[in-house]
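A closer look at the structure
In case you want the letters, here they are:
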Amino acid sequence: MSKKQTLVILTGAGISAESGIPTFRDANGLWEGHDVHEVASPMGWYKNPALVLDFYNQRRQNVLSVKPNQAHYLLGKLEDYYDVYIITQNVDNLHELGGSRNVMHLHGELLKSRSSANPLLVYDQTTDIKIGDLCEKGSQLRPHIVWFGEDVPLIADAMELAASADIFAVIGTSMQVYPAANLINYVPHHSPKFYIDKNPAQLHIHDLVTIADVASTGVATWITDYLKIKL
Ligand code: OAD
């Protein structure tokens, strides 16, 4: 049997929108209702950790109450046909619940916490994090989230994955946040690139095939019309 092709998919908040998780930069997005520097930066954490914990506790509760949508499930199904690697900027667990086995969380995970003193001390976290909740070494726990101004520890692995793509797809991200948005530049020149988004006009990359649709039906169209797979 011939080796499967490598399909690498970069996802953002738009793929989880139909599941009921708000995006960041759309109308009514999270960054309209919150000051990003207050809740998603080391400075915000230093100034008011209780506010930051509260923000992510709400996000975690939201994630625990929602389910994957058709887009997540279809990406899970694609593993029958390709070696699929998902690089997600999302901090929810909907790709995993949708059946994807290789998921890299570039910006961290809501269902994990970590020591605020040692980034290597990471824990499963399904309940609220409170002031006074400590790591095994006695330091305050914080959300396992990459904040603005912090390094993205997995970016080198993500670049390597992008460079290995026979096919690359971008789904539901405004591509405004770096270094994630730069990953497309590591994809081999000859590999086809797709962009599935409700508003693809915002992105100007010349050799990109765009599908203007919400993720659930957009991913279905991509799979049947472009990958030529009958699911
Ligand atoms: P954004 O909110 O910036 O972009 C969401 C994208 O999803 C936009 O391109 C929308 O057009 C699209 N969209 C909205 N609803 C959709 C739907 N139902 N189907 C398909 N597309 C839809 O979110 P991201 O690009 O993911 O980082 O944001 C990147 C990073 O910025 C996030 O990971 C987060 C944020 O600040 C951190 O918090 C570290």
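Look up a bit, the structure's there.
Residues numbered from 1 in each chain as written. Predicted model: local features only at pLDDT ≥ 70, side-chain atom pairs only at ≥ 80, totals over all residues. Heavy atoms only, no water.

**Considering the packing of helix H6 (residues 70-77) against helix H9 (residues 215-226)**
What counts here: In this analysis an axis means a line fitted to C-alpha atoms, helices contributing only their contacting stretch, and an angle means the value between N-to-C directions, from 0 to 180 degrees. Under the scheme used here, helices are H or I runs from DSSP no shorter than 4 residues and strands are E runs no shorter than 2 residues, and both carry numbers assigned from the N terminus. For classification, angles of less than 35 degrees are called roughly parallel, those exceeding 145 degrees roughly antiparallel, those between 65 and 115 degrees roughly perpendicular, and all remaining angles oblique. Between two residues, a contact is recorded if the distance between any of their heavy atoms is within 4.5 Å. Polar here means any residue other than Ala, Val, Leu, Ile, Met, Phe, Trp, Tyr, Cys and Pro, which are nonpolar, and Asp, Glu, Lys and Arg, which are charged; Gly is therefore polar.
Look at H6 against H9: their axes get within 7 Å of each other, and the N-to-C directions meet at 30°. Judged by the inter-axis angle, H6 sits roughly parallel to H9. Of the residues in H9, those touching H6 at Gln70, Ala71, Leu74 and Leu75 are Ala215, Ser216, Thr217, Val219, Ala220, Trp222 and Ile223. In the contact of H6 with H9, the residues fall into eight nonpolar, three polar and no charged.

**Focus: the packing of aromatic side chains**
Aromatic ring pairs: the centre-centre distance and the angle between the two ring planes describe each pair. To keep things clear, this is the line we draw: Stacked, tilted and edge-to-face are the three classes assigned to paired rings of Phe, Tyr and Trp, where Trp is represented by its six-membered ring and a pair needs centres within 6.5 Å; plane angles under 30 degrees give stacked, over 60 edge-to-face, the rest tilted. Each residue gets one of three labels from its accessible area relative to the maximum for its type: buried under 20%, exposed over 50%, partly exposed in between, using a 1.4 Å probe on protein chains only. The criterion is that NZ of a Lys, or CZ of an Arg, lies within 6 Å of the ring centre and within 35 degrees of the ring normal, and then a charge sits over that ring.
A full pass over the atoms with the stated rule returns eight aromatic pairs. Plain terms: the ring middles of tryptophan 31 and phenylalanine 55 are 5.9 Å apart, the flat faces sit at 20° to each other, and that makes the pair stacked. Placement of the pair is tryptophan 31 in helix H2 (residues 30-33) and phenylalanine 55 in helix H5 (residues 49-64), with a sequence separation of 24 residues. Both residues of the pair, tryptophan 31 and phenylalanine 55, belong to the buried class. With a centroid separation of 6.5 Å and 65° between ring planes, the pair formed by tryptophan 31 and phenylalanine 148 is classed as edge-to-face. Residue tryptophan 31 is found in helix H2, and its partner phenylalanine 148 is found in the loop between strand E6 (141-145) and helix H8 (155-163); the two are separated by 117 residues along the sequence. With a relative accessible area of 19%, tryptophan 31 lands in the buried category. Classification of phenylalanine 148 as partly exposed rests on a relative accessible area of 36%. Positioned above the aromatic ring of phenylalanine 55, the side-chain terminus of arginine 59 is 4.6 Å from the ring centre. One residue, arginine 142, lies across the ring of tryptophan 147, its end atom 3.7 Å from the ring centre.

**Quick word on the sheet that holds strand E1 (residues 6-11)**
For clarity, the threshold we go by: Paired strands, as defined in this entry, are two strands with at least two bridges between them according to DSSP.
The sheet built from six strands is open, its strands ordered E3-E2-E1-E7-E8-E9 with parallel pairing. Only two strands of the sheet have a single neighbouring strand rather than two, namely strand E3 (103-105) and strand E9 (208-212). Strand-to-strand, the axes of this sheet are offset by a mean angle of 20°, without reference to chain direction. Here E1 pairs with strand E7 (residues 167-171) via five bridges, running parallel.

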